[in-house]
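Each chain, letter by letter, is given below.
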Amino acid sequence: MQTLHSAQNLQQAYDPEAFRQIGHQLIDLLADHLERIQQPGDYQLIHYREPEEELAFWQNDFASAPAEPMDFFRKVLDHSTHVHHPHYIGHQISVPAPINALAGMVSDILSNGTGVYDMGMSSNALERVVTDFTAQKIGYDDTASGFLTSGGTLANLTAMLAARSAKAPGQVWQEGHDEKLAIMVSEEAHYCIDRAARILGLGQEGIVKVPVDDQFRIRIDLLERYYEEAQEAGHTVIAIVGCAGSTATGSYDDLEAIADFSKKHDLWFHVDGAHGGAVVFSDKYRSLASGIEKADTVVLDYHKMLMTPALNTALIFRDGYRSYETFQQRAQYLWEAQQSPEWYHSGKRTFECTKLMLSIKVYATLRTYGPQIFADNVERLYDQAKVFASLLEAAPDFELAVSPEANIVNFRYTDLPRESWDLENGNIRQRLIDDGRFYIVQTVIRNQKYLRVAIMNSATGEQHFAALMDRIRSLAKG
Ligand SMILES: Cc1ncc(COP(=O)(O)O)c(C=O)c1O
């Protein structure tokens, strides 16, 4: 039998008045946090602790008696990395517009599972609005259709599954496949494409990695040769993936040329635009992804360039009907015919069964600030990368790896003995994290270590880049 105490405890957990009070306090805490972090002065955006120290902190916290939640929320803030700080120029994580947090509160209370229409009427309809808008920006006609899913990795895997359904000989979904299948992709593609191919059972040989040119774009002149070699080795090539843009340098493949190549060989043409596909919203930068409208599928992460918190991704099909052919199993308790194009049953086309109400966040931003907001953000971030690149080019003690096409800039500090550039640039990155006033990352390009920034925050500008360069100079000496 339930004790009085546990019944009261459950009642309290659902108490609207307690929610109201904590909610008001939390909004104040977060608004104060944003105010402080956006005008940071000397405010750190990370207080770095080693993993074991961080774990011990939370183990101790867990061992203590249940406490009022504001104390916990404050601790989480203190122990996190603050992307709204203008010195956050690290990973490709968006700086969420706060309206998303409010939309998230609505969706977390409703918790509509969204996989079937009657468990997500508004979120399924909003998903249609958001993906139709995105499809139109890509340049597709109204036969296109897509859905939202949990991240670029899952969306790329889903696209590769669709490619296999469409292009592999026989009935792969029912019978598996005996043929050796392969996909072609640039050697600079995100590792999730490689992972997707292996999950599909293509194995290492089934991933034909084509070298890149000095701008890190797939070498179009090598496509025929790599295709023929794959065929001679007994592979049936089913797809080619174009990068828009690549993860390390933000480089855009020549999508027009890849479209021609895929048409000639009847391949599925997929564009991984998780990061840089967002240029379709901008008249100024759209030409970088020219040809994207010829792709069979496009992946685009709202949680990278488009002010939305992770994870929130669109997978759009040029021919919308194809999106119902990826997963062909029956789920009679949810819907009757798998392949009938019922856009309103989200789960027919997604990996997920239950799915977060992703559309509500993207829609909230567009509805509140207008559709131009995405273009404004993309243009500001891409423009600022060019500003930073010119500062680096003008400085005798820094070297730029490659002129940025997107908002990703790779560089290194060079006022050091040549043989220690790799080691010291790695040390500089670690010292920056320990210092906590800037957050940047590092990468390896042409087998050499570079510092890497992705300018994700529209508040970041020239004075912050100049301050970063000064900080690096002083840490390099330290
Ligand atoms: C080009 C590209 N594709 C895919 C991904 C993976 O996306 P997600 O982190 O949303 O799974 C990334 C992540 O950085 C990326 O840069």
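Residues numbered from 1 in each chain as written. Predicted model: local features only at pLDDT ≥ 70, side-chain atom pairs only at ≥ 80, totals over all residues. Heavy atoms only, no water.

A closer look at the overall build of the protein
- Along the backbone of the protein there are 16 helices and 11 strands.
- Here the protein holds 478 residues, and 52% of them are scored as buried.
- Across the protein, every contact between residues at least 6 apart in sequence was considered, and the portion connecting residues at least 24 apart equals 71%.
- Summed over its atoms, the accessible surface of the protein is roughly 22500 Å², and 51% of this surface lies on carbon and sulfur atoms. (Helix = DSSP H or I, 4+ residues; strand = E, 2+ residues; numbered from the N terminus. Buried < 20%, exposed > 50% of the residue type's maximum accessible area, 1.4 Å probe, protein only. Contact = heavy atoms within 4.5 Å. Areas by Shrake-Rupley, 256 points an atom, 1.4 Å probe, with all protein chains shown as cover.)

Remarks on the domain arrangement of the protein
- You can read the domains of the protein as domain 1 (105–370) and domain 2 (373–477).
- Taking only C-alpha atoms into account, the centre of domain 1 sits 30 Å from that of domain 2.
- Contacts between the two partners involve 30 residues from domain 1 and, on the opposite side, 22 residues from domain 2.
- Between domain 1 and domain 2, the buried area comes to about 2200 Å², and carbon and sulfur atoms account for 65% of it.
- It is Phe216, Tyr285 and Met305 in domain 1 that bury the most area against domain 2; as a group they hold 25% of the surface buried on that side.
- On the surface where domain 1 and domain 2 come into contact, there are 1 salt bridge.
- At the boundary of domain 1 with domain 2, the tally comes to 11 residue pairs in polar contact (both at pLDDT 80 or more).
- Taken together, the elements giving at least two residues each to the side of domain 1 that touches domain 2 come down to α12 (302–305) and α13 (359–369).
- With 4 residues, the top contributor of residues to the side of domain 1 that touches domain 2 is α13.
- A per-class count over the side of domain 1 that touches domain 2 returns 15 nonpolar, 11 polar and 4 charged. (Domains from an automatic or database assignment. Buried area = accessible area lost by both parts, 1.4 Å probe. Salt bridge = Lys/Arg side-chain N within 4 Å of Asp/Glu carboxyl O. Polar contact = N/O pair within 3.5 Å; in protein donor to acceptor, adjacent residues only side chain to side chain. Nonpolar A, V, L, I, M, F, W, Y, C, P; charged D, E, K, R; others polar.)

Points about the site of the ligand
- In the neighbourhood of the ligand, 15 residues make up the surrounding shell, with Gly152, Thr153, Thr247, Asp272 and Asp301 lying closest.
- Residue Gly152 places a main-chain N or O atom 2.7 Å away from an oxygen atom belonging to the ligand.
- One nitrogen or oxygen atom from the side chain of Thr247 is found 2.9 Å from an oxygen atom belonging to the ligand.
- When the free accessible area of the ligand is taken as 390 Å², the share hidden by the protein chains comes to 86%. (Near = heavy atom within 4 Å.)

Some details on the pattern of salt bridges
- Scanning the entire structure with this criterion turns up 27 salt bridges.
- We note a salt bridge from Asp296 to Arg318, for which the minimum N-O separation is 2.8 Å. Here the residue Asp296 occupies a position in the loop between β5 (268–272) and β6 (297–301), and Arg318 occupies one in the loop between β7 (313–317) and α13, the gap between them amounting to 22 residues.
- Here Asp296 falls in the buried class, since its relative accessible area comes to 15%.
- For Arg318, a relative accessible area of 34% corresponds to the partly exposed category.
- Residues joined in a network through salt bridges with shared partners are Asp61, Asp71 and Lys75.

Brief notes about the sheet that holds strand β10 (residues 441–445)
- Strand order in the open sheet formed by 4 strands is β8-β9-β11-β10, and the pairing between neighbours is antiparallel. In this open sheet, the two edge strands, each paired with only one partner strand, are β8 (398–400) and β10. Adjacent strand axes in the sheet meet at a mean angle of 40°, parallel and antiparallel pairs treated alike.
- In this sheet, strand β11 (residues 448–454) lies alongside strand β9 (residues 408–413) in antiparallel orientation, the contact comprising 4 bridges. Bridging from a neighbouring strand, Val409 pairs with Val453 of β11. (Pairing = 2+ DSSP bridges. Axes fitted to C-alpha atoms, helices over the stretch in contact; angles between N-to-C directions.)

Quick word on the pairing of strand β3 (residues 207–210)
- Across 4 bridges, the pairing between strand β2 (residues 180–186) and β3 is parallel. Looking at β3, one finds that Ile183 is bridged to Ile207.
- At this point the chain moves from β2, through helix α9 (residues 191–199), to the parallel β3, and the crossover so formed is right-handed. (Right-handed = clockwise from strand over helix to strand, strands pointing away.)

Remarks on the state of the cysteines
- Across all of its chains, the model carries 0 disulfides by this definition.
- No disulfide involves Cys192; its sulfur sits 9.5 Å from the nearest other cysteine sulfur, which is in Cys243.
- Relative accessible area serves as the criterion here: at 3%, Cys192 is assigned to the buried category.
- Judged by relative accessible area, Cys243 falls into the buried class, the value being 3%. (Disulfide = S-S within 2.5 Å.)

Thoughts on the environment of Thr308
- The residue Thr308 is located in the loop between α12 and β7 in this model.
- The exposure class assigned to Thr308 is buried, which follows from its relative accessible area of 0%.
- When the C-alpha positions of Thr308 and Tyr226 are compared, they lie 38 Å apart, and in sequence the two are 82 residues distant.
- Those residues in contact with Thr308 that sit more than four places away from it in its chain are Ser94, Asn100, Tyr302, His303, Lys361 and Val362.
- At a separation of 2.8 Å, a polar atom in the side chain of Thr308 contacts the main-chain carbonyl oxygen of Leu306.

Overview of the packing of aromatic side chains
- Applying the stated criterion across every chain, the model contains 18 aromatic pairs.
- Taken together, a centroid distance of 5.8 Å and an interplanar angle of 90° make the contact between Tyr227 and Phe261 edge-to-face. Remark: Phe261 occurs in helix α11 (residues 255–264) and Tyr227 occurs in helix α10 (residues 223–232); sequence separation between them is 34 residues. When sorted by exposure, Tyr227 lands in the same class as Phe261, which is buried.
- Here Phe388 and Phe465 contribute two aromatic rings whose centre-to-centre distance is 4.7 Å and whose plane-to-plane angle is 20°, an arrangement assigned as stacked. Taken together, the residues Phe388 in helix α14 (residues 372–394) and Phe465 in helix α16 (residues 462–477) connect sequence positions 77 residues apart. Pair check on accessibility: Phe388 and Phe465 agree, each one buried. (Phe/Tyr/Trp six-rings, centres within 6.5 Å; stacked < 30°, edge-to-face > 60°.)

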